[in-house]
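# Per-entry structural report
The lines below spell out each chain.
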Amino acid sequence: MTQGGRPLIGVSTYLEAGTRWGVWQLEAALLPAGYPRLVQRAGGLAAMLPPDAPEHAAATVARLDGLVIAGGPDVEPVRYGAEPDPRTGPPARERDAWELALVEAALAAGLPLLGICRGMQLLNVALGGTLTQHIDGHAEVVGVFGRHPVKPVPGTRYAAAVPEESAVPTYHHQAVDRLGTGLLPSAYAADGTVEAVELPSEAGWVLGVQWHPEMGEDVRVMRALVEAATASAAR
């Protein structure tokens, strides 16, 4: 819960085998440093949430003021009733199960929720939506973040945070296909790809962005989550 006016924001993490640091090569729960730094720059306290048993998601969410589902590997297509495309990456089943449980628990509890890249896709899947398993032009060089403009939809939560068209850091080859129940598109790329989704305001503060704000300098999306988490914790 809030400490000294700073809300506690949980961020989901990778679980990787054979990670090396110093003399060690061990399984590790890890997260690119951009995520906690962005939470901190936006005024929150960051807590890493490594994969756990899905039945613990509700208790985890109950201790948080806000939740970020981080980017990462492709969602396993079985989660939205599809056969895997040859270009879809290997499954991360432990992470899929844990993060879907976190999303569902956050939605049930009314906890402010931000999905980033994979996190936006998981939000869509959790609400019954589907994904396009491969698109071109959004991850042009392997291992290098690109940039492209996204245009907000007027009147949306995203547009309230970032009202102008802006260039964002991007690296993804999958995208939202059929929108999940209740989700509204709140930003688009020039090629028509849905770049942000959200639930109506009466459903609580829920936003997903397809890009990677942790790789840029613009803190407005994360600051909006932190402000929503602060307001929610004060109630």
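Scroll up a little and you will see the structure.
Calculation criteria
- Residues numbered from 1 in each chain as written.
- Predicted model: local features only at pLDDT ≥ 70, side-chain atom pairs only at ≥ 80, totals over all residues.
- Heavy atoms only, no water.
- Helix = DSSP H or I, 4+ residues; strand = E, 2+ residues; numbered from the N terminus.
- Buried < 20%, exposed > 50% of the residue type's maximum accessible area, 1.4 Å probe, protein only.
- Contact = heavy atoms within 4.5 Å.
- Areas by Shrake-Rupley, 256 points an atom, 1.4 Å probe, with all protein chains shown as cover.
- Lys, Arg positive; Asp, Glu negative; His and termini not counted.
- Charge placed at Lys NZ, Arg CZ, Asp CG, Glu CD.
- Pairing = 2+ DSSP bridges.
- Axes fitted to C-alpha atoms, helices over the stretch in contact; angles between N-to-C directions.
- Salt bridge = Lys/Arg side-chain N within 4 Å of Asp/Glu carboxyl O.
- Right-handed = clockwise from strand over helix to strand, strands pointing away.
- Patch = residues over 30% accessible without salt bridge, like charges linked within 9 Å, V, L, I, M, F, W, Y side chains within 5 Å.
- Polar contact = N/O pair within 3.5 Å; in protein donor to acceptor, adjacent residues only side chain to side chain.

Take the overall build of the protein next. Within the protein, the secondary structure is distributed over 6 helices and 13 strands. In terms of principal-axis extent, the alpha carbons of the protein reach across some 50 × 50 × 35 Å. Burial statistics for the protein: of 235 residues in total, 50% are counted as buried. Sequence separation of at least 24 residues holds for 69% of the intrachain contacts in the protein that already meet a minimum separation of 6. Surface summary for the protein: the accessible area is close to 10800 Å², and the carbon and sulfur share equals 55%. Of the side-chain charges in the protein, 17 are positive and 26 negative, and the distance between the mean point of each set is 6 Å.

Read from one edge to the other, the open sheet built from 9 strands follows the order β4-β1-β5-β6-β13-β12-β11-β8-β9, with strand pairing classed as mixed. Each end of this open sheet is capped by a strand with a single partner; those strands are β4 (45-49) and β9 (166-170). The average angle at which neighbouring strand axes cross in this sheet is 25°, direction not considered. Of the strand pairs in this sheet, strand β1 (residues 8-12) and β4 are connected by 5 bridges, and their pairing is parallel. If you follow Ile-9 over to β4, its bridge partner there is Ala-46.

To continue, consider the pattern of salt bridges. Going through the model one piece at a time under the given rule, you end up with 8 salt bridges. Notably, a salt bridge pairs Asp-85 with Arg-87, separated by 3.1 Å at the nearest N-O pair. With a closest N to O distance of 2.8 Å, Glu-99 and Arg-118 form a salt bridge. Of this pair, Glu-99 sits in helix α3 (residues 93-109) while Arg-118 sits in helix α4 (residues 118-126), and the two are 19 residues apart along the sequence.

Below, the discussion takes up the environment of Glu-27. Relative to the elements of secondary structure, Glu-27 occurs in strand β3 (residues 24-30). Here Glu-27 falls in the exposed class, since its relative accessible area comes to 56%. It is 7.2 Å that separates the C-alpha atoms of Glu-27 and Leu-15, two residues lying 12 residues apart in sequence.

In this section: unusual backbone geometry. In the Ramachandran plot, Cys-117 falls in the positive-phi region, its phi being about 55° despite a non-glycine side chain. Along the chain, Cys-117 turns up in the loop between β6 (113-116) and α4. When its relative accessible area of 5% is taken as the criterion, Cys-117 is described as buried.

The next thing to look at is the pairing of β6. A two-sided burial pattern is seen for β6, the buried positions comprising Leu-113 and Gly-115 on one face and Leu-114 and Ile-116 on the other. When strand β5 (residues 66-69) meets β6, the two strands line up parallel, connected through 3 bridges. Counted as the bridge partner of Val-68 is Leu-114 from β6. The parallel pair β5 and β6, bridged by α3, forms a crossover whose chirality is right-handed. Note that β6 and strand β13 (residues 206-209) share 4 bridges and pair parallel. Across the sheet, the residue bridging to Ile-116 is Val-209, located in β13.

Turning to a negative patch on the surface, a few remarks are in order. Taken together, the side chains of Glu-27, Asp-52, Glu-55 and Glu-94 present a region of like negative charge at the surface. Given the relative accessible area of 64%, Glu-55 is considered exposed.

Another point: the side chain of Arg-95. If you trace the backbone, Arg-95 turns up in helix α3. Polar contacts involving the side chain of Arg-95 include one to the side chain of Glu-99, which spans 2.6 Å. Setting aside residues no more than four positions away along its own chain, Arg-95 makes contact with Ser-12, Thr-13, Tyr-14, Pro-51, Ala-70, Gly-71, Gly-72, Pro-73 and Arg-118.

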